[in-house]
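Residue strings, one per chain:
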Amino acid sequence: MNSTRIAWLRPDDPVDAFPPLDEALQEPDGLLAAGGDLSTGRLLYAYRHGIFPWYDDGQPLLWWSPHLRCVLRAGDFHVSRRLRRQLRNSTAEIRFNTAFTDVIRRCAAPRASHRGTWITVDMIAAYERLHAEGWAHSIEVWRDGMLVGGLYGLAIGRVFFGESMFSGDSNASKIALLILARMMDERRLALVDCQVVSAHLTSLGATLLRRDEYIAVLERHCTPPIRVENWPQAPIPVASLA
């Protein structure tokens, strides 16, 4: 069933008060509910059940569950010859969780594409709380002591839910995504959720899963909800990824 109306949540509603996913709208694709809050409990419940928040400043809090989900699976990341050459010649390194606030604020900075404008002050505060509680993580690319790219998202069980990425250097965000792909190859992660499809993501090997297929992955790899704590402590040279 799919009507033109969506459910409105109150901040004091239980974290599981979302309507069934099959009530998400077809247009705009996947809009499921509005309102509620960005509490840790509600966010963790949402991600584990195929829902994520996405809204612009001035809009109500909106929750989405698209009919097709953009994901990156083990073995699918495409490393072009140009990127491989850049990796071999790079003096940069990858660090984990050393500059989460810097990464999320760089992702929120104005850019040519609209992705990034949705990272509101409230969203930043919510994901900083998730980071402090061990759920949200940053993958960072550093060169000559400067943060030049990276991404952030949630890790629950063996699924990484990517939120946003930025590049100050050419291909820096690709490099951050590549290290997640390598973690999947090593079976430390089972899936990287990219949320909304784009030409950039598909060029890197991302594919689409039907919602029911995606939910089945979450049920297998996010239950019970476990924090990912075995992130590398030492920086990883980018050249080692070539």
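Note that the structure is predicted; figures quoted are calculated from it, not measured. (Residues numbered from 1 in each chain as written. Predicted model: local features only at pLDDT ≥ 70, side-chain atom pairs only at ≥ 80, totals over all residues. Heavy atoms only, no water.)

It is worth spelling out the sheet that holds strand β7 (residues 136-143) at this point. Within a sheet, neighbouring strands are paired by backbone hydrogen bonds and run either parallel or antiparallel to one another. The strand order across the open sheet formed by eight strands is β11-β5-β10-β9-β8-β7-β6-β12, and the pairing between neighbours is mixed. Both outer strands of the open sheet, β11 (207-210) and β12 (236-237), are each paired with one neighbouring strand and no more. Where strand β6 (residues 93-96) and β7 come together, four bridges link them in antiparallel fashion. Bridging across to β7, Phe-96 finds its partner in Ile-139. The strands that helix α1 (residues 40-48) touches are β8 (146-156), β9 (159-167) and β10 (191-195); relative to β8, the one it contacts most, it runs at about 80°. Lying over the sheet, helix α4 (residues 121-132) contacts β7, β8 and β9, oriented at roughly 95° with respect to β7. (Pairing = 2+ DSSP bridges. Helix = DSSP H or I, 4+ residues; strand = E, 2+ residues; numbered from the N terminus. Contact = heavy atoms within 4.5 Å. Axes fitted to C-alpha atoms, helices over the stretch in contact; angles between N-to-C directions.)

This part covers the packing of helix α2 (residues 81-89) against helix α5 (residues 172-185). The N-to-C vectors of α2 and α5 enclose an angle of 90°; their axes lie 12 Å apart at closest approach. Relative to α5, the element α2 lies roughly perpendicular. Contacts between α2 and α5 involve Leu-83, Gln-86 and Leu-87 from the first element and Lys-174, Ile-175 and Leu-178 from the second. A per-class count over the contact of α2 with α5 returns four nonpolar, one polar and one charged. (Parallel < 35°, antiparallel > 145°, perpendicular 65-115°, else oblique. Nonpolar A, V, L, I, M, F, W, Y, C, P; charged D, E, K, R; others polar.)

This paragraph deals with unusual backbone geometry. Here the residue pair Glu-27 and Pro-28 is connected by a cis peptide bond, since its omega of -5° sits within 30 degrees of zero. Assignment of secondary structure puts Pro-28 in the loop between β1 (7-9) and β2 (31-35). For the bond from Thr-223 to Pro-224, the omega torsion is -5°, close enough to zero to count as cis. One can find Pro-224 in the loop between α7 (211-221) and β12. The phi dihedral of Asn-171 is positive, around 65°, even though this residue is not glycine. The phi angle at Arg-187 is positive, at roughly 65°, despite the residue not being glycine. With respect to the element layout, Arg-187 can be found in the loop between α5 and β10.

Okay, the sheet that holds strand β4 (residues 62-64) next. The strand order across the open sheet built from four strands is β1-β2-β4-β3, with neighbouring strands paired in mixed fashion. The sheet is open, and its two edges are formed by β1 and β3 (52-53), each paired on a single side. In terms of strand pairing, β3 meets β4 through two bridges, oriented antiparallel. In the sheet register, Pro-53 faces β4, and the bridge partner there is Trp-63.

Note on pairing: side chains with opposite charge can pair once their charged atoms come close. Using the criterion set out here, one finds twelve salt bridges in the structure. Notably, a salt bridge pairs Arg-73 with Asp-76, separated by 3.8 Å at the nearest N-O pair. The salt bridge partner of Arg-210 is Asp-212, with a shortest N-O separation of 3.1 Å. Linked by salt bridges that have partners in common, Arg-10, Asp-12 and Asp-13 make up one network. (Salt bridge = Lys/Arg side-chain N within 4 Å of Asp/Glu carboxyl O.)

Next up on the list: the packing of aromatic side chains. Within the structure shown, the criterion is met by nine aromatic pairs. Consider the rings of Phe-52 and Trp-54, whose centres lie 6.4 Å apart with planes at 35°: the pair is tilted. Here Phe-52 matches Trp-54 in class, with each residue buried. Between the aromatic rings of Tyr-127 and Tyr-152, the centroid separation amounts to 6.0 Å while the plane-to-plane angle is 75°, which identifies the pairing as edge-to-face. Here Tyr-152 lies in strand β8 and Tyr-127 lies in helix α4, a separation of 25 residues in the sequence. Assessed through its relative accessible area of 0%, Tyr-127 is described here as buried. (Phe/Tyr/Trp six-rings, centres within 6.5 Å; stacked < 30°, edge-to-face > 60°. Buried < 20%, exposed > 50% of the residue type's maximum accessible area, 1.4 Å probe, protein only.)

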